[in-house]
Amino acid sequence: QVQLVESGGALVQAGGSLRLSCAASRNIFSINVMGWYRQAPTKGRDMVETITSGGTTTYADSVKGRFTISRDNAKNMVYLEMNSLQPEDTAVYYCNAVVTRPGLFPLDYWGQGTQVTVSS
């Protein structure tokens, strides 16, 4: 099992930057995929960016060139560096971990979320 705790959300002006952090309760070296998702009011939860244990990243088109995900396996941390923030980036941001198991369904873990609000 993995507990995830996000931090770093804040109110920021458009054009500003934030770094979100996700602390995992166990070693993440073997966790196949970790990522960040976001959910704006009245909308579904959408993928922002993910990173595999091998370092391969996948990102939403809306954040291309502005957001960067990274993972520090030694510290059991995942980060999301967000630059050039826009009001449409306003959402609750969630950390996610996917643990695959041979012959079984993967396990999906979520943090409690951290609020990012971008003012115009």
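Structure first, text after, so check above.
Parameters and conventions
- Residues numbered from 1 in each chain as written.
- Predicted model: local features only at pLDDT ≥ 70, side-chain atom pairs only at ≥ 80, totals over all residues.
- Heavy atoms only, no water.
- Pairing = 2+ DSSP bridges.
- Helix = DSSP H or I, 4+ residues; strand = E, 2+ residues; numbered from the N terminus.
- Axes fitted to C-alpha atoms, helices over the stretch in contact; angles between N-to-C directions.
- Disulfide = S-S within 2.5 Å.
- Buried < 20%, exposed > 50% of the residue type's maximum accessible area, 1.4 Å probe, protein only.
- Phe/Tyr/Trp six-rings, centres within 6.5 Å; stacked < 30°, edge-to-face > 60°.
- Lys NZ or Arg CZ within 6 Å of the ring centre and 35° of its normal.
- Polar contact = N/O pair within 3.5 Å; in protein donor to acceptor, adjacent residues only side chain to side chain.

**Comments concerning the sheet that holds strand β7 (residues 67-72)**
(1) Moving on: Reading across the sheet, the four strands line up as β1-β3-β8-β7 and stay open at both edges, with antiparallel pairing between neighbours. Strand pairing shows two members of the sheet lacking a second neighbour, β1 (4-7) and β7, which therefore form its edges. The sheet shows a mean angle of 15 degrees between the axes of neighbouring strands, direction not considered.
(2) Moving on: Bridge count for strand β3 (residues 18-24) against strand β8 (residues 77-82) is six bridges, and the pairing is antiparallel.

**What about the state of the cysteines?**
(1) Moving on: Using the criterion set out here, one finds one disulfide in the structure.
(2) Moving on: Each sulfur in the disulfide pair Cys22 and Cys95 lies 2.1 Å from the other. A torsion of -80 degrees about the S-S bond marks the disulfide between Cys22 and Cys95 as left-handed. Of this pair, Cys22 sits in strand β3 while Cys95 sits in strand β9 (residues 91-101), and the two are 73 residues apart along the sequence.
(3) Moving on: By relative accessible area, Cys22 is classed as buried at 0%.

**Some details on the packing of aromatic side chains**
(1) Moving on: Inspection of the entire model under this criterion finds one aromatic pair.
(2) Moving on: Between the aromatic rings of Tyr37 and Trp110, the centroid separation amounts to 5.0 Å while the plane-to-plane angle is 75 degrees, which identifies the pairing as edge-to-face. In this pair, Tyr37 sits in strand β4 (residues 33-39) while Trp110 sits in strand β10 (residues 104-110), placing the two residues 73 residues apart along the sequence.
(3) Moving on: Using a relative accessible area of 33% as the deciding quantity, one classes Trp110 as partly exposed.
(4) Moving on: Taking NZ or CZ as reference, Arg19 lies 4.2 Å from the ring centre of Tyr79, over its face.
(5) Moving on: Across from the ring centre of Tyr94, 3.6 Å away, lies the NZ or CZ of Arg45, which sits over that ring.

**Concerning the side chain of Arg66**
(1) Moving on: Within the secondary structure, Arg66 sits in the loop between β6 (57-59) and β7.
(2) Moving on: Within the local environment of Arg66, its side chain forms a polar contact with the backbone oxygen of Ser62, the two atoms lying 2.9 Å apart.
(3) Moving on: Looking at Arg66, its side chain comes within polar contact range of the main-chain oxygen of Ser84, at 2.9 Å.

**Quick notes on the pairing of β3**
(1) Moving on: Judged by how many residues are buried, β3 sits mostly within the fold: five of seven residues are covered.
(2) Moving on: Bridge count between β1 and β3: four bridges; the pairing is antiparallel. Residue Ser7 lies in a different strand from β3, and its bridge partner there is Ser21.

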